[in-house]
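Listed here are the chains, written in short residue letters.
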Amino acid sequence: RVLSCGLKDFCARGASPGAAAGGGGGGDPLFPPAADKRAPKIASVVGILGHLASRHSGSIKQELLRMFHESLAPARDQHQKAAVPFLLQLAVMSPPLLGAVSSELVDSLKPNVLNQLHQHFASLPREDLENMVAVVVRLLCQTSAGAYRILQFLVNTAMPASVITPP
């Protein structure tokens with residue numbers, strides 16, 4: 001319920017991870033103008049999840065991943081469409097939440113999921129895409145838990161095994 005409430009407020013307030021990376025999002029409902037730790041509900045969501053993580057980390061991890069995967073489904077409402085930017089904003093505001101899901105998230109990024117992400121964001125304006133990429137790069141640089149797996153994933157994705165020839 002905490003995540004659902006936070007996502008609804010995120011959509012209502014127009015908070016975007018692009019704004020957290022130093023960009024804006026214009027009048028787009030998916031990437032509206034600005035948000036930071038001063039946005040009271042998202043800051044509360046981060047605080048509550050951080051508190052709950054000490055005893056319920058498995059459940060929180062499961063719900064974060066569920067929200068991510070549900071947001072990529074073909075039939076989505078406006079809140080589901082904003083779930084990935086919302087999750088990126090949570091990760092920016094809470095490195096422990098990022099660390100909790102980074103390994104499992106990387107494991108779930110199979111070709112079909114990457115294709116869904118591409119379809120999900122392909123129609124966004126260039127500035128919004130650049131802002132999201134900036135946030136993702138910033139988060140990758142902050143991640144210490146699972147950093148090797150993330151780098152391995154990036155290399156494997158950039159050059160599939162079928163392209164690599166043995167020496």
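In this text, all values refer to a predicted model and were calculated from it rather than measured experimentally. (Residues numbered from 1 in each chain as written. Predicted model: local features only at pLDDT ≥ 70, side-chain atom pairs only at ≥ 80, totals over all residues. Heavy atoms only, no water.)

Undergrad: Honestly, the overall build of the chain in this entry has me stumped. Any pointers?
TA: Tallying secondary structure elements over the chain gives nine helices and zero strands in all. From first element to last, N terminus to C terminus, the chain shows the α and β order α-α-α-α-α-α-α-α-α. Counting the 167 residues in the chain, one finds 38% classified as buried. Counting only contacts in the chain whose residues sit at least 6 apart along the sequence, the fraction spanning at least 24 positions is 73%. As displayed, the chain offers around 9,500 Å² of accessible surface, 60% of which is attributable to carbon and sulfur atoms. (Helix = DSSP H or I, 4+ residues; strand = E, 2+ residues; numbered from the N terminus. Buried < 20%, exposed > 50% of the residue type's maximum accessible area, 1.4 Å probe, protein only. Contact = heavy atoms within 4.5 Å. Areas by Shrake-Rupley, 256 points an atom, 1.4 Å probe, with all protein chains shown as cover.)

Undergrad: Please clarify how the pattern of salt bridges should be interpreted in this entry.
TA: Close approach of charged atoms lets side chains of opposite charge pair. Overall, the coordinates contain five salt bridges when judged by the stated rule. Between aspartate 107 and arginine 149 there is a salt bridge, with its nearest N and O atoms 2.2 Å apart. Placement of the pair is aspartate 107 in helix α6 (residues 95-108) and arginine 149 in helix α9 (residues 147-158), with a sequence separation of 42 residues. You can call aspartate 107 partly exposed: its relative accessible area is 37%. Salt bridges here are not isolated pairs; linked through shared partners, they connect Glu63, Arg66 and Glu70. (Salt bridge = Lys/Arg side-chain N within 4 Å of Asp/Glu carboxyl O.)

Undergrad: Looking at this model, I keep getting lost on the confidence of the model for the chain. Mind explaining?
TA: Detailed reading of the predicted coordinates is not advisable wherever pLDDT falls low. Averaged over every residue, the pLDDT of the chain is 77; the share at 70 or more is 79%. Per-element averaging of pLDDT across the chain places helix α2 (residues 17-20) at the bottom with 45 and helix α5 (residues 83-93) at the top with 89. A low-confidence stretch, residues 18-38 stays under pLDDT 50, and its non-local contacts, those more than four residues away or across chains, total 57 contacts. (pLDDT = per-residue confidence, 0-100.)

Undergrad: Looking at this model, I keep getting lost on the layout of surface pockets. Mind explaining?
TA: With a probe scaled to a water molecule rolled over the atoms, the places where space remains empty come into view. Its boundaries defined by the atoms lining it, the largest pocket holds a volume of some 970 Å³. As for the largest pocket, its lining consists of 30 residues, and the residues nearest its centre are Leu88, Leu105, Leu109, Leu117 and Val136. Elements that contribute at least two residues to the lining of the largest pocket include exactly α3 (40-71), α5, α6, α7 (111-121), α8 (126-142) and α9. When residues of the lining of the largest pocket are assigned to their parent elements, the largest contribution, seven residues, is made by α8. The class makeup of the residues in the lining of the largest pocket is 27 nonpolar, three polar and no charged. The computed volume of the second largest pocket comes to approximately 200 Å³. What lines the second largest pocket is Arg1, Val2, Leu3, Ser4, Leu49, Leu52, His56, Ser59, Ile60, Glu63, Arg66 and Met67. (1 Å grid on protein atoms, 1.4 Å probe; cavity = no way out; pocket = protein on both sides within 12 Å on 5 of 7 lines; lining within 4 Å. Points joined across faces, edges and corners; volume = space filled by probe spheres on them. Nonpolar A, V, L, I, M, F, W, Y, C, P; charged D, E, K, R; others polar.)

Undergrad: It is not clear to me how a nonpolar patch on the surface should be interpreted in this structure. Could you clarify?
TA: Judged by side-chain polarity, Val136, Leu140, Leu151 and Leu154 come together as a nonpolar surface patch covering roughly 320 Å² of accessible area. Every element with two or more residues in the nonpolar patch is listed here: α8 and α9. (Patch = residues over 30% accessible without salt bridge, like charges linked within 9 Å, V, L, I, M, F, W, Y side chains within 5 Å.)

Undergrad: Even after reading the chapter, I still don't get the nonpolar core, so can you show me in this structure?
TA: Within soluble globular proteins, side chains that are nonpolar generally end up buried alongside one another. Of all hydrophobic cores here, the largest spans 38 residues; its most connected members are Leu7, Leu64, Phe68, Phe86 and Leu90. Of all elements in the fold, only α1 (2-13), α3, α5, α6, α7, α8 and α9 reach the threshold of two or more residues within this core. With sequence-adjacent residues up to four places away left out, phenylalanine 86 is seen in contact with Leu3, Gly6, Leu7, Phe10, Ile42, Val45 and Met67. (Core = buried A, V, L, I, M, F, W, Y, C linked by side-chain atoms within 4.5 Å.)

Undergrad: Would you take a moment to explain α5 for this structure?
TA: At 3.6 residues per turn, the α-helix brings residues three or four places apart onto the same side. The buried fraction of α5 amounts to eleven of the eleven residues, a majority that puts the element mostly inside the structure. Here α5 has its buried residues at Ala83, Val84, Pro85, Phe86, Leu87, Leu88, Gln89, Leu90, Ala91, Val92 and Met93.

Undergrad: Help me understand the environment of proline 111, please; the structure alone is not making it clear to me.
TA: The topology assignment puts proline 111 in helix α7. In the structure, proline 111 is positioned 46 residues away from threonine 157 in sequence and 8.8 Å away in space, judged by C-alpha atoms.

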